[in-house]
Amino acid sequence: QAQLLESGGGLVQAGDSLTLSCAVSGLRGYAMGWFRQAPGKEREFVAFISYSGLTTDYTDSAKGRFTISRDNSKNMVYLRMNSRKPEDTAAYFCEAKPGDTEYVRVQGYVYWGQGTQVTVSS
């Protein structure tokens, strides 16, 4: 049974750094994405990494500030977030999908975790 468990969220001040982790079990060969959802808004794409780790991509607001990575030997996926802004406040979800296409669309993902809340104070 596939399971994704996010951790690392919390309250941080603007400009601080934070690393989110996603522990993956029961899955092999899946690409991974990070999404976020703020209250009253739709879930939006943040970052993507292929299973090999050779392909990564980010939403425009995350480029240059966030870094997605993975360690397949540990079944872990990470999202390093630097220079946090108040508009980054949201629940963050890691999600898994087969294949490396259409990764911006949340509909392409088949597994996801419960999410971890990140709040950035100004």
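Before going into details, it helps to say that this report is about the structure given with it. As the structure is a computational prediction, the values presented were derived from the model and not from experiment.

Next up on the list: the pattern of salt bridges. Scanning the entire structure with this criterion turns up six salt bridges. Taking the shortest distance from any N to any O, the salt bridge between Glu 95 and Arg 43 comes out at 2.9 Å. Within this pair, whereas Glu 95 is found in strand S9 (residues 90–97), its partner Arg 43 is found in the loop between strand S4 (31–37) and strand S5 (44–49), the two being separated by 52 residues in sequence. For Glu 95, a relative accessible area of 1% gives the class buried. Here Asp 88 makes a salt bridge to Arg 84, at a shortest N to O gap of 3.4 Å. Judged on exposure class, the residue Asp 88 and its partner Arg 84 are both buried. Each of Arg 36, Glu 44, Arg 65, Arg 84 and Asp 88 takes part in a single network of salt bridges with overlapping partners.

Now for the nonpolar core. Ranked by internal contacts, the top residues of the largest apolar core, which has 26 residues, are Met 32, Trp 34, Leu 79 and Tyr 92. If you list the elements that add at least two residues to this core, you get strand S3 (18–25), S4, S5, strand S7 (66–71), strand S8 (76–81), S9 and strand S11 (116–121). One finds Ala 31, Phe 48, Tyr 103 and Tyr 109 within the second-largest nonpolar core, a separate group that totals six residues.

At Asn 75, a position not held by glycine, the phi torsion is positive, near 55°. Within the secondary structure layout, Asn 75 lies in the loop between S7 and S8. In this model, Ser 83 sits at a positive phi of 50°, which is unusual for a non-glycine residue. Mapped onto the elements, Ser 83 comes out in the loop between S8 and S9.

Here the focus is the side chain of Lys 97. Relative to the helices and strands, Lys 97 resides in strand S9. Among buried charged residues, Lys 97 stands out as having no salt bridge; its nearest opposite-charge side chain is Asp 100, 6.5 Å away. Of note is the side chain of Lys 97, whose polar atom sits 2.8 Å from the backbone oxygen of Thr 101. Once residues lying within four places of it in the same chain are set aside, the contact partners of Lys 97 are Tyr 30, Ala 31, Phe 48, Glu 102, Tyr 103, Gly 108, Tyr 109 and Val 110.

What counts and what doesn't
- Residues numbered from 1 in each chain as written.
- Predicted model: local features only at pLDDT ≥ 70, side-chain atom pairs only at ≥ 80, totals over all residues.
- Heavy atoms only, no water.
- Salt bridge = Lys/Arg side-chain N within 4 Å of Asp/Glu carboxyl O.
- Helix = DSSP H or I, 4+ residues; strand = E, 2+ residues; numbered from the N terminus.
- Buried < 20%, exposed > 50% of the residue type's maximum accessible area, 1.4 Å probe, protein only.
- Core = buried A, V, L, I, M, F, W, Y, C linked by side-chain atoms within 4.5 Å.
- Lys, Arg positive; Asp, Glu negative; His and termini not counted.
- Polar contact = N/O pair within 3.5 Å; in protein donor to acceptor, adjacent residues only side chain to side chain.
- Contact = heavy atoms within 4.5 Å.

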